[in-house]
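# Fold and contact review
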Amino acid sequence: MRLTLINVIVAVVIAIAFAAVNAAYLVWAERRGAARIQRRPGPNINGPFGLLQPPLDGIKLMAKQLTIPGGADRILFIIAPILAMFPAITSFVTIPFSETIVAKNMNVGVLMIFAFASLGSMSLLIAGFSSRNKYSMMSSVRAVSQAVAYEIPMLITAITVVMIAGSPDLMEIVRQQSPSILHWNIFPLLGNSHNILMPLAFLIFFVCTLAETNRAPFDLGEAESELVAGFHTEYGSMGFGLFFMAEYANIVIGSCMTTILFLGGWSCPFGLFPGVWWFILKLYLLIATFIWIRWTFPRTTIYGLLNLSWKILIPLSLANLLLTAGLIKVF
Amino acid sequence: MICEKTRTALEHLIPTPDAATAGDGQESGAKGQTPRPNGVIERDYAVHGYHLDAQMACEQLLAAVAILDENEFFLETITGVDWIAENQLELIYDFSRYDFDLCRVVLRTRVDRRNPVVPTITGIYAGANWHERETHDFFGIVFSGHPHLIPLLLPEDADFHPLLKDFKA
Amino acid sequence: MNAPIELRADETFVLNVGPQHPATHGVLRVKMEMHGEYIVNAETVIGYIHRMHEKMGELKTYPQFLMNLSRMDYLGALGYSHAHVLVVEKASGIVVPERAEYIRAIMVELNRIASHLFWFGAFVMDLGGFSPLMYALQDREHILDMLEAVTGSRLTYCYFRFGGLYNDVDDDFIAAARRFVPRMRKSLKKYRRLVTDNVIFRKRLEGIAPLSKEICRKYGASSAVARGSGINFDVRKNEPYSVYPQFDFDIPVYPQGDSLARYMVRMDEIEQSLRIVEQGLDKLPGGPIMPEKKPKLIKPPPGDYYQAVETARGSFGVRLVSDGGKTPYRLKLRSPTYSNMHLFDEACRGMMIMDALAFMGSLDLVIPEIDR
């Protein structure tokens, strides 16, 4: 029993370290990727390929003073960035990277991750509300309406996958997809569902992930040309740093979830050599897509964003849910 | 075409004394000369860059602007000139057209330097708002009836008018 | 969307957009009375970088004032210098050699392309797309390099002189300009695929802030603001000056009046400017770039002169009142964005803030040019 506890603690620490390192180095990857897209060098001075940039940025941010604007709600103002980072890191505990590499698997893993994901938008609300800045206030209102709108289709799509697997356990979901690429939920020709609408469900889930993580083209919360920087306008120092890292940690979680739910987790497309490397490969391909999209598309409008969710994504995901239920019954 | 029409309408509004047509070559800008009488003058476009040049009393201004508005002119700009030697401030309204029937019209009116008050044309051309505020900033000309006559380009508390010739920085 | 709202006074709040705000591209401030995301009322506050160029014009002699014009609009400076030299030449009867006029037209058009490219990048950035700005700046860099080689500066040119030019173009410039034209056409195709045909981009602009012909006329709007509203108005065609009658080019006009129409007008204008540059290079006559007979001291005869030109931002006019002295008696600079910006207050009522800021971007604002 004691050994298991130590195991869990070590695994949790590793998971948190993984989240933090990823969050830091995705900033570097994003800047290098953006630079590549925009035909400029990007950060390349500190260390080889500018690899020392994230730790140096961290040191700079930590060395700065955390200023609290006059009239702001001090307690909420300080809590908000911590509340942003906390669920992002905690979610990593339950994500299975392979059959063996998982900090603490839970039989309701899907539920837990979505519960933490909705806590993330709470931190945006608190940050915008406590800053005493009209831009931040508008941004937090936007962020919450966006989170509400996109959690629904995201959850419905996740439920579809859970129905196919017959379990909310993330490892079980991956195991069901492991034989070959045709068993993956993105294109399930074999397995227990033959739903041809699943590629669409994958797209819905991906778009919702973009919206949930406040990434372009859905970054209305921090729309810098309208709301300056939105909810983190007033944050400096590590408060800003935490929001920044939370955004990238959320991207990693979103990509992990997409990988697990639709792309077969750690399984190989041809059923050979399953392992953590496949998971990592799929994960970073998805993250690269995130970066690619961000630097290509302009931002949508707030009404365009809400219309997309309420008028298109939710009906589609509901239709898909019904179709999948019917198909599972038939086959 | 439209120039003829506008000219007729403006001449109808401002009866031209014979002296004005006689003094066509005489420029209003020359110092020490007798000020130009009211009336409409057709200018050489190649030299001056406009076709019609109408000087009027400021009571006739609104009627003249209304004529131009009816004929679909657009307001190019409003500005002033300080004729300190004659102790007068001149207001210049530039109008032009969007279509190819080219006709540039310049309306001028002169007011006393000590009490410069002219009626606003914001009721006819909403775009005159900023131009009039700017002219108020620079020359201190008061546009009676202007909805929001506060400094635009100068600081909010500015009490000087830099384009007056006796302004010393 | 864009519906009129009726509300009580205590339901609104005032949002100060600017003077330091990323969307205003300079020190411009718009006081917006907001109802949630909707603008109920707006008041534009300008004058933060007012420098009183018109007073400087009265204090400096004519040649001394040449450099002030390029400080008005830092993106399309040559067009403004063009109006100034044209009005002084007209007033004092200086005849400009044909070669000089052709080079002026080529330079102004290149500068116009550079200005439109920068606007294109900044506009897409207003809408949240970052990369097009970098692409546009790279294309603009070619123009700046060419202009630098001839005029000696990259941004605030002082290239035109009364009667001609400061420096003649050389073969290197002509070769570079000829190379530039096809490269720019290729880039335009890329921009069309990347930005113009992008569905998010179109959705954000279509039907946003439609301006009627009437509001354009009342406010004296020009440039793409007027042409995007179906008004076929371009000073180069309506009131031909310089050597523009010699060139074959079209005026793009879009009747919709929305932000997308304004965008399309400017993008089409780049193509038309390329055509003018091409024709100018083909037709470029030989000869001197300064007239042989030119007065030593420029003293226009007493009178009142006006000259309008089409700059990158619209119809720019210089009114020169001369009393026969060494300095102008009065020099009025009619800047186009001053009128274009003025209609923002009226047009943005009832819009959502993000649409209003996209609309503001589509007006192509350069603040030093509004404030003068």
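Residues numbered from 1 in each chain as written. Chains lettered and ligands numbered in written order. Predicted model: local features only at pLDDT ≥ 70, side-chain atom pairs only at ≥ 80, totals over all residues. Heavy atoms only, no water.

### Concerning the overall build of chain C
Within chain C, the secondary structure is distributed over 14 helices and eight strands. Relative to the globule expectation of 21 Å for 372 residues, the C-alpha radius of gyration of chain C, 21 Å, shows essentially globular dimensions. Summarising its shape, the C-alpha atoms of chain C cover approximately 70 × 45 × 30 Å along the three principal directions. In chain C, which comprises 372 residues, the share counted as buried stands at 66%. Across chain C, every contact between residues at least 6 apart in sequence was considered, and the portion connecting residues at least 24 apart equals 70%. Working note: accessible area of chain C is about 12100 Å², and carbon and sulfur atoms make up 53% of it. (Helix = DSSP H or I, 4+ residues; strand = E, 2+ residues; numbered from the N terminus. Rg over C-alpha atoms; globule rule 2.2 N^0.38 Å. Buried < 20%, exposed > 50% of the residue type's maximum accessible area, 1.4 Å probe, protein only. Contact = heavy atoms within 4.5 Å. Areas by Shrake-Rupley, 256 points an atom, 1.4 Å probe, with all protein chains shown as cover.)

### What about the side chain of E30 of chain A?
Residues and elements named next belong to chain A. By secondary structure assignment, the location of E30 is in helix α1 (residues 2-37). Among the polar contacts listed, one links the side chain of E30 to the side chain of R215, at a separation of 2.8 Å. One polar contact links E30 to W295, side chain to side chain, over a distance of 2.8 Å. Not counting the four nearest positions on each side in its chain, E30 is found in contact with R215, Y248, I291, R294 and W295. (Polar contact = N/O pair within 3.5 Å; in protein donor to acceptor, adjacent residues only side chain to side chain.)

### Some remarks on the interface of chain B and chain C
If you look at the interface, chain B gives 53 residues, while chain C gives 46 residues. Between chain B and chain C, a total of about 4300 Å² is buried, with carbon and sulfur atoms accounting for 54% of that surface. The largest contributions to the chain B side of the interface with chain C come from Y98, W130 and L153 of chain B, which together make up 20% of the buried area. Connecting chain B to chain C are nine salt bridges. Two residues, K218 of chain C and D69 of chain B, come together in a salt bridge whose shortest N-O distance is 3.0 Å. (Buried area = accessible area lost by both parts, 1.4 Å probe. Salt bridge = Lys/Arg side-chain N within 4 Å of Asp/Glu carboxyl O.)

### Looking at the domain arrangement of chain C
Residue and element names in this part refer to chain C. Considered domain by domain, chain C is made up of domain 1 (1-48 + 341-372) and domain 2 (53-327). Averaged C-alpha coordinates put domain 1 and domain 2 at centres separated by 27 Å. The interface of domain 1 with domain 2 comprises 22 residues on the first partner and 28 residues on the second. Of the roughly 2200 Å² buried between domain 1 and domain 2, counting both surfaces, carbon and sulfur atoms make up 61%. Contact with domain 2 buries surface across domain 1, with L343, D364 and R372 losing the most and accounting together for 27% of the total. (Domains from an automatic or database assignment.)

### A short note on helix α5 (residues 134-165) of chain A
Over its 32 residues, α5 of chain A extends 46 Å from the first C-alpha to the last, a length consistent with the 46 Å expected when each residue adds 1.5 Å. Where α5 of chain A starts, the residue carrying a side-chain oxygen 2.8 Å from the main-chain nitrogen of Y135 of chain A turns out to be N133 of chain A. (Expected span 1.5 Å × (residues − 1).)

### Here's the deal with the pattern of salt bridges
All names here are of chain C. Enumeration according to the criterion identifies 52 salt bridges over all chains in this entry. The salt bridge involving R99 is made with D168; its shortest N-O contact spans 3.2 Å. Here R99, found in helix α4 (residues 98-126), pairs with D168, found in the loop between β5 (164-165) and α6 (171-196); they are 69 residues apart in sequence, far enough to count as distant. For D168, a relative accessible area of 29% corresponds to the partly exposed category.

### A look at the state of the cysteines
All names here are of chain A. Here the structure, examined in full by the defined rule, presents zero disulfides over all chains. Considering cysteine sulfurs only, C208 is the nearest to C256, which forms no disulfide, with 18 Å between them. Since its relative accessible area comes to 0%, C256 is described here as buried. (Disulfide = S-S within 2.5 Å.)

### Brief notes about the arrangement of the chains
When the two pairs of chains in contact are compared, the highest contact count belongs to chains B and C. One thing to see here is that chain A and chain B don't touch, and their nearest C-alpha atoms sit 25 Å from each other.

### So, the nonpolar core
Counting 258 residues, the largest nonpolar core has L107 of chain B together with M32 and Y263 of chain C as its most contacted members. Ranked by residues supplied to this core, first place goes to α4 of chain C with 15 residues. For this core, the domains that each give at least three residues are domain 1 (1-48 + 341-372) and domain 2 (53-327) of chain C. For Y263 of chain C, the residues in contact, after removing those within four places along its chain, are W119, F120, F123, V195, T196, F201 and L205 of chain C. (Core = buried A, V, L, I, M, F, W, Y, C linked by side-chain atoms within 4.5 Å.)

### Remarks on unusual backbone geometry
In the Ramachandran plot, R39 of chain A falls in the positive-phi region, its phi being about 55° despite a non-glycine side chain. Tracing the chain through its elements places R39 of chain A in the loop between α1 and α2 (53-63). The phi dihedral of S223 of chain C is positive, around 55°, even though this residue is not glycine. With respect to the helices and strands, S223 of chain C occurs in helix α9 (residues 223-227).

### Considerations on the interface of chain A and chain C
Between chain A and chain C, the residue contacts involve 23 residues of the former and 35 residues of the latter. Buried surface at the junction of chain A and chain C, both sides included, amounts to about 2600 Å², of which 60% is carbon and sulfur. On inspection of chain A and its partner chain C, the count reaches one salt bridge. Across the contact surface, chain A and chain C share nine residue pairs in polar contact (both at pLDDT 80 or more). Sorting the residues of the side of chain A that touches chain C by element identifies α5 and α10 (302-330) of chain A as the ones contributing at least two each. Here the side of chain A that touches chain C takes four residues from α5 of chain A, the largest share from any one element.

### Here we look at the packing of helix α7 (residues 198-212) of chain A against α10 of chain A
All names here are of chain A. In contact at an axis separation of 10 Å, α7 and α10 are set at 140° when each is read in the N-to-C sense. Considered as vectors, α7 and α10 are oriented oblique to each other. Between α7 and α10 the crossing geometry is left-handed. Of α10, the residues touching α7 (which contributes M198, L200, A201, I204, V207 and C208) are L308, L313, L316, S317 and N320. Of the residues that constitute the contact of α7 with α10, the class distribution is nine nonpolar, two polar and no charged. (Axes fitted to C-alpha atoms, helices over the stretch in contact; angles between N-to-C directions. Parallel < 35°, antiparallel > 145°, perpendicular 65-115°, else oblique. Left-handed = near helix turned anticlockwise from the far one by under 90°. Nonpolar A, V, L, I, M, F, W, Y, C, P; charged D, E, K, R; others polar.)

### Concerning helix α4 (residues 109-130) of chain A
Its 22 residues place the ends of α4 of chain A 32 Å apart at the C-alpha level, agreeing with the 32 Å of an ideal helix rising 1.5 Å per residue. Backbone geometry just after α4 of chain A places R132 of chain A at a positive phi near 60°.

### Some thoughts on the packing of helix α6 (residues 170-177) of chain A against helix α8 (residues 237-262) of chain A
All names here are of chain A. In the contact formed by α6 and α8, the axes pass within 8 Å of each other and the chain directions differ by 50°. Of the possible angle classes, the one that applies to α6 and α8 is oblique. In contact with L170, I173, V174 and Q177 of α6, α8 contributes M257, I260, L261 and F262. Considering only residue class, the contact of α6 with α8 consists of seven nonpolar, one polar and no charged.

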